[in-house]
Amino acid sequence: MAHVKDTNVLTKFTELGLDKALLKALSDEGYEKPTPIQAQAIPGVMAGKDLLGIAQTGTGKTAAFALPILHRLAADRQAAPRRGCRVLVLSPTRELATQIAESFKAYGKHLGVSVAVIFGGVKYGGQMRAMAPGVDVLVATPGRLLDHLQEKTITLQGVEMFVLDEADQMLDMGFIVPIRQIVKHLPRVRQNLFFSATMPSEIEKLAGELLRPNPTKVSVTPQATTVERIKQQVIFIEATRKRALLCELFAEKDFKRVIVFTRTKRGADRVAKSLEAAGVNAAAIHGDKSQGQRERALAAFKAGDVRALVATDIAARGIDIDAVSHVVQYELPNVPEAYVHRIGRTARAGADGSAVAFCADDERGLLKDIQKVTRQTIPSFDRRNDRGLSVMTKAMPELAAEKPERADRGQRKPEGRSDLPPGLRKQRRRKPKAQAQGGDRRPEAQPHSQRHADHRGGKQAGESFRGPKRGKAAPAAEKRWSPLD
Ligand code: AMP
């Protein structure tokens, strides 16, 4: 298997031999040179090879597959079959599907390619009309596409190129079975492009089934390591004081355009409300919001009218908004890889970014898993027993009275299922390791002395992410926590 390592390739787009109409579109977009994944992936895909790409969003991977695909379409112009397409791209979420379709349209605008996008949660009629004459490129989420295939309103018999994007997220969302069913509708002879941010064994197996022998292998981020430009911090905090801490962060002017992640849809709504109550313009996006609500929230956030976008993982996946100054993880994710995806919402397109994660006592196990998977120790600060936050929390009586989410709650009702047909709603969610192995995930017991210690300021917890040792009073404040740059 050809394996190309992450290097700073300085190739120009003109050196890649792309169609002139594409080069013109790239110059319209203001792209000067290919990103590493583009430089590495484009030649092989242009030559018709299969591709295995290990890359997360933010690396330019959409153009890495869209450009050579468009080049191949331009080199061999043919009409797409009725109700069919020449290129099929599968994406886990509606937002990502929409963005991929927009990228195809932007890069292919001087070629006159037709692009359709298909996802759940909206009526079928418009999608059937869009597909009736056949399109060059179809971008779809698996559940709704399968519905169309079962109803024979779409055919995949004319597919020449197949892209599976964000395969690991597909696994998390239970889409592996639908994908295998969709693949049965594809012609045997085709070009396959397979992208995933991480390579768990099930994804490796799927890649082995889908790709022809000897694909080009491109890896721009080592497996599950976090983007280096992002400044990361963890803050230890009582679950009941997270709201006060969040409001404190937003008092900083440099928290300009912030995505706040919660584990549940209900949590996202509550956090957005509490920010609004504190005078911070906020909007929530999650699977219960209509497509129109999501689009309006995203547009307001992009325009800078909304300072905080509060989102669940699935709703936020694939959001491509430049200049996100900070990512706040109000709750840690149950799946460690999601930590990497979340912080990847900032530091896009070469910018720097900052990520702050709140960690309550019952989330220590999750933090441990995250540090193990990302092979790093995240600098941490201890803000438990902070008097200022306690006072602030008491000044928010209606919020303080609410019960915090437990660390395992989010697993019970995963979201984003609306585009799966009822028969396919069975979940295929990865359990956190300790739980999957029957391990104990209870939070570490907190010493009595620590619960009552008054930290006035924050303590930098340094390398260790365990609390002070049992029986010992919490050490005095060493360094006051300060907002990230
Ligand atoms: P992606 O990883 O495909 O989600 O792309 C991340 C962002 O980088 C998007 O906003 C793209 O428009 C942008 N981008 C992709 N390729 C380039 C490039 N060669 N030069 C500058 N920006 C790019």
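Everything numeric in this text was worked out from a predicted model, so none of it was measured.

Looking only at helices and strands, the protein chain has 19 helices and 16 strands in total. Restricting the contact set of the protein chain to residue pairs at least 6 apart, pairs at least 24 apart contribute 78%.

Below, the discussion takes up the nonpolar core. Among the nonpolar cores identified, the biggest contains 130 residues, and Val-137, Leu-138, Phe-194, Leu-309 and Val-310 are the most heavily contacted of them. Counting residues per element, this core draws most heavily on helix α3 (residues 61-75), which supplies 8 residues. Among the domains, domain 1 (2-219) and domain 2 (230-386 + 394-408) are the pair contributing at least three residues each to this core. When near neighbours in sequence (up to four residues on either side) are disregarded, Val-310 contacts Val-260, Thr-262, Ala-268, Val-271, Ala-272, Ala-282 and Ala-284.

To continue, consider the packing of helix α14 (residues 336-343) against helix α15 (residues 364-373). Where α14 meets α15, the closest approach of the two axes is 8 Å, and the angle between their N-to-C directions is 75°. Here α14 lies roughly perpendicular to α15, going by the angle between them. Of the residues in α15, those touching α14 at Pro-336, Glu-337 and Tyr-339 are Asp-369, Ile-370 and Val-373. Among the residues forming the contact of α14 with α15, the class breakdown is 4 nonpolar, no polar and 2 charged.

Bringing the pairing of strand β7 (residues 191-196) into the picture now. Among the 6 residues in β7, 6 count as buried, and that is most of the element. Judged by which residues are buried, β7 turns out to be covered on both faces: Gln-191, Leu-193 and Phe-195 on one side and Asn-192, Phe-194 and Ser-196 on the other are all buried. Of the strand pairs in this sheet, strand β2 (residues 51-54) and β7 are connected by 4 bridges, and their pairing is parallel. Bridging from a neighbouring strand, Ile-54 pairs with Ser-196 of β7. Here 4 bridges tie strand β6 (residues 161-164) to β7, and the two strands are oriented parallel to one another. The residue bridging Met-161 from the neighbouring strand is Gln-191, located in β7.

What follows concerns the packing of α3 against helix α4 (residues 94-107). In contact at an axis separation of 10 Å, α3 and α4 are set at 45° when each is read in the N-to-C sense. Overall, the two elements α3 and α4 adopt an arrangement that is oblique. For the element pair α3 and α4, the recorded crossing hand is right-handed. Residues Thr-62, Ala-63, Ala-66, Leu-67 and Leu-70 of α3 touch α4, and the partners they reach there are Ile-100, Ser-103, Phe-104 and Tyr-107. In terms of residue class, the contact of α3 with α4 is made up of 7 nonpolar, 2 polar and no charged.

With that out of the way, let us pick up unusual backbone geometry. Even without a glycine there, the phi angle at Arg-83 is positive, about 60°. Examined against the element boundaries, Arg-83 turns out to sit in the loop between α3 and β3 (85-90). Note on Arg-83: 19 C-beta atoms within 10 Å, which makes it partly exposed. Of note, the phi angle at Asn-214 is positive, near 65°, even though the residue is not glycine.

Here the focus is the environment of Pro-336. Summarising the element assignment, Pro-336 is placed in helix α14. Overall, the presence of 22 C-beta atoms within 10 Å leaves Pro-336 in the buried class. For the pair Pro-336 and Gln-371, spaced 35 residues apart in sequence, the C-alpha to C-alpha distance is 8.3 Å. Setting aside residues no more than four positions away along its own chain, Pro-336 makes contact with Asp-369, Ile-370 and Val-373.

Among the residues of helix α8 (residues 176-183), those classed as buried are Pro-178, Ile-179 and Ile-182. Taken around the axis of α8, the buried residues stretch over an arc of 100°, which confines them to a single face. Close packing links the buried residues of α8 with β3, α6 (142-151), β6 and α7 (167-172).

It is worth spelling out the environment of Ser-354 at this point. Residue position: Ser-354 is located in strand β14 (residues 353-359). Looking at Ser-354, the number of C-beta atoms within 10 Å reads 23, which means it is buried. Measuring from C-alpha to C-alpha, the distance between Ser-354 and Ile-343 comes to 7.9 Å, with 11 residues separating the pair along the chain.

This part covers the confidence of the model for the protein chain. Averaged over every residue, the pLDDT of the protein chain is 80; residues scoring 70 or more account for 76%. For the stretch residues 399-405, pLDDT sits under 50, and the model shows 12 contacts to residues farther than four places along the chain or on other chains.

What counts, and where the lines are drawn
- Numbering of residues begins from 1 in every chain and follows the order in which that chain's sequence is written.
- In keeping with the predicted nature of the model, local features appear solely for residues at pLDDT of at least 70, side-chain atom pairs appear and are counted solely at 80 or more, and the whole-chain, interface and lining totals rest on all residues.
- Strands are runs of DSSP state E lasting at least 2 residues, helices are runs of H or I lasting at least 4, and numbering of each runs from the N terminus.
- The contact criterion used here is simple: two residues whose C-beta atoms, placed from the backbone, lie within 7 Å are in contact.
- When buried Ala, Val, Leu, Ile, Met, Phe, Trp, Tyr and Cys residues are joined through C-beta atoms within 7 Å, the set is termed a nonpolar core.
- Once C-beta atoms are placed from the backbone, each residue is buried if 20 or more other C-beta atoms lie within 10 Å of its own, exposed if 12 or fewer, and partly exposed for counts between those two.
- The split of the chain into domains comes from an automatic or database domain assignment.
- In this analysis, axes come from line fits to C-alpha atoms, helices being fitted only over the stretch in contact, and the angle between any two N-to-C directions falls in the range 0 to 180 degrees.
- Angle categories are assigned with fixed cut-offs, so that under 35 degrees is roughly parallel, over 145 is roughly antiparallel, 65 to 115 is roughly perpendicular, and the rest are oblique.
- Note that Gly is not counted as nonpolar here; it falls among the polar residues with everything else outside the nonpolar set of Ala, Val, Leu, Ile, Met, Phe, Trp, Tyr, Cys and Pro and the charged set of Asp, Glu, Lys and Arg.
- The pairing criterion for strands is at least two bridges between them, as found by DSSP.
- Helix crossings are classified by the rotation of the near helix relative to the far one: an anticlockwise turn of less than a right angle makes the crossing left-handed, while a clockwise turn makes it right-handed.
- It is the directions from the helix axis to the C-beta atoms whose arc is reported.
- The quantity called pLDDT is the predictor's confidence in a given residue, expressed from 0 to 100.

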